[in-house]
Amino acid sequence: MIMLQWQDIETVLLDMDGTLLDLHFDNQFWIHHLPKRYAELNQLPPAQVQQQMAAKYQAMQGQLDWYCFDFWERELNLELMPLKQELAHLIKIRPSVIDFLTALKQSHCKVILLTNSHRKGLQMKFALTDIEQYFDQVISSHDYGYCKEQQAFWQAAETALEFKPEQSLFIDDSLAVLQAAQTYGIAHLIAVNQPDSQQPVRQINQFNALTHFDELTRDLKNSLAHANS
């Protein structure tokens, strides 16, 4: 069970895809749906396109363009948003997330969304899930020109948001991103070990990890009750 000293935490930094929202949508879109639709539109063999795009994704990982809709629209010469709408029914909030966000809103903590998601995708998901209301601020890595895997992102975020790394909690599903946050000095780090509901739970040893937010919500509510008693 994850136990935090909530009185020592001033800022809660949250990822979106794979943390608050089920990563199944994104995995289905990028791995399966986009290559399939690109192959159909260009009359190419689907298996060949999927293999080529998988190689391209791997080469681009950890770079801002990997997450950039504008980059992929130029690369593929198509519009992504209409294709994303075809799978919009898969966009879902992960279990017990709303209870956690509600408890956070009632706490002393400032709550900030830090996502690598492009603003176009961000607005689409906000419209479908209505989770924007729970955040004091929303930051896309595209706002700064660096993705969360890069130290320059964290430098820009601390300067703009004025949070204290030693008094901040950061929750993300990406181990590479969590490692970058750890290197920068974020004190409290939690990984999500099942970001895609259709994939197995991952064994994570280097960080505290959770499957659902229930245990964290209980811990936070107990802390709030103790503070108010």
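Everything discussed here concerns the structure shown above.
Residues numbered from 1 in each chain as written. Predicted model: local features only at pLDDT ≥ 70, side-chain atom pairs only at ≥ 80, totals over all residues. Heavy atoms only, no water.

Chemist: So what's going on with the overall build of the protein? Which residues, and what values?
Modeler: Regarding its fold elements, the protein presents 10 helices and six strands. A compact globule built from 229 residues would reach a C-alpha radius of gyration of about 17 Å, and the protein, at 18 Å, matches this within 12%. In terms of its C-alpha atoms, the protein occupies a principal-axis envelope of roughly 65 × 35 × 30 Å. Every one of the 229 residues in the protein was classed for burial, and the buried ones make up 51%. (Helix = DSSP H or I, 4+ residues; strand = E, 2+ residues; numbered from the N terminus. Rg over C-alpha atoms; globule rule 2.2 N^0.38 Å. Buried < 20%, exposed > 50% of the residue type's maximum accessible area, 1.4 Å probe, protein only.)

Chemist: Break down the pairing of strand S5 (residues 188-192) for me, citing the residues and quoting the values.
Modeler: Every regular strand shows the same layout, with side chains that alternate between the two sheet faces. Counting buried positions over the five residues of S5 gives four, a clear majority of the element. Both strand S4 (residues 168-172) and S5 contribute to a ladder of four bridges, which runs parallel. Along S5, the bridge assignment pairs isoleucine 171 with isoleucine 190. Tracing the backbone out of S4, into helix H9 (residues 175-184) and back to the parallel element S5 gives a crossover that is right-handed. One ladder, built from three bridges, connects S5 with strand S6 (residues 208-210); its direction is parallel. In the strand pairing of S6, valine 192 is matched with leucine 210. (Pairing = 2+ DSSP bridges. Right-handed = clockwise from strand over helix to strand, strands pointing away.)

Chemist: Help me get a handle on helix H3 (residues 69-76), residues and values and all.
Modeler: Within the sequence span of H3, burial applies to Phe69, Phe71, Trp72, Glu73 and Leu76. On the buried face of H3, the contacting elements are helix H1 (24-42), helix H2 (46-60), helix H4 (80-85) and helix H6 (119-129). (Contact = heavy atoms within 4.5 Å.)

Chemist: So what's going on with H1? Residues and values would help.
Modeler: For H1, which comprises 19 residues, the first-to-last C-alpha distance of 26 Å matches the rise-based estimate of 27 Å (1.5 Å per residue) to within 8%. Along H1, the sharpest kink reaches roughly 40 degrees, centred on histidine 33 and followed within four residues by the proline proline 35. Of all the residues in H1, the buried ones are His24, Phe25, Asp26, Phe29, Trp30, His33, Leu34, Pro35, Arg37, Tyr38 and Ala39. Lining the buried residues of H1 we find H2, H3, H4 and H6. (Expected span 1.5 Å × (residues − 1). Bend = angle between axes of the 7 residues up to and from the residue.)

Chemist: Please provide a residue-by-residue account of the packing of helix H8 (residues 151-161) against H9, values included.
Modeler: For the pair H8 and H9, interaxial distance at closest approach is 9 Å and the crossing angle is 60 degrees. Taken together, the axis directions place H8 and H9 in an arrangement best described as oblique. In the packing of H8 onto H9, the handedness of the crossing is right-handed. Residues Gln151, Trp154, Gln155 and Glu158 of H8 touch H9, and the partners they reach there are Val177, Ala180, Ala181, Thr183 and Tyr184. Taken together, the residues of the contact of H8 with H9 sort by class into five nonpolar, three polar and one charged. (Axes fitted to C-alpha atoms, helices over the stretch in contact; angles between N-to-C directions. Parallel < 35°, antiparallel > 145°, perpendicular 65-115°, else oblique. Left-handed = near helix turned anticlockwise from the far one by under 90°. Nonpolar A, V, L, I, M, F, W, Y, C, P; charged D, E, K, R; others polar.)

Chemist: Give a detailed account of the nonpolar core, specifying residues and quantitative values.
Modeler: With 55 residues, the main nonpolar core has Trp6, Leu14, Leu34, Phe135 and Leu216 as its most contacted residues. Ignoring any residue separated from it by four or fewer positions in sequence, one finds phenylalanine 135 in contact with Leu14, Leu20, Leu101, Val111, Ile112, Leu113 and Phe126. Listed in part, the 20 residues of the second largest apolar core include Tyr144, Ala157, Ile204 and Phe207. (Core = buried A, V, L, I, M, F, W, Y, C linked by side-chain atoms within 4.5 Å.)

Chemist: Can you explain the side chain of lysine 84? Please cite residues and give values.
Modeler: Positionally, lysine 84 belongs in helix H4. Buried lysine 84, no salt bridge; nearest opposite-charge side chain is aspartate 26, N-O distance 4.4 Å. Residues contacting lysine 84, with those up to four places away along its chain left out, are Phe25, Asp26, Phe29, Trp30, Phe69 and Met124. (Lys, Arg positive; Asp, Glu negative; His and termini not counted. Salt bridge = Lys/Arg side-chain N within 4 Å of Asp/Glu carboxyl O.)

Chemist: Talk me through unusual backbone geometry; I want residue IDs and the actual numbers.
Modeler: Here the phi dihedral of asparagine 77 falls at roughly 55 degrees; this positive angle occurs in a residue that is not glycine. Relative to the elements of secondary structure, asparagine 77 occurs in the loop between H3 and H4. Residue serine 96 is not a glycine yet carries a positive backbone phi of 65 degrees. Looking at the element boundaries, serine 96 is found in the loop between H4 and helix H5 (97-105). Since its relative accessible area comes to 18%, serine 96 is described here as buried.

Chemist: Account for the sheet that holds strand S1 (residues 11-14), naming residues and giving values.
Modeler: Reading across the sheet, the six strands line up as S3-S2-S1-S4-S5-S6 and stay open at both edges, with parallel pairing between neighbours. Single-partner strands in this sheet number two, and they are strand S3 (137-140) and S6. Averaged over all adjacent pairs, the angle separating strand axes in this sheet is 25 degrees, with direction ignored. Where strand S2 (residues 110-115) lies against S3, four bridges are found, and the strand directions are parallel. The partner of leucine 113 across the bridge, within S3, is valine 138.

The quantities given are spatial measurements derived from coordinates; they are silent on function.
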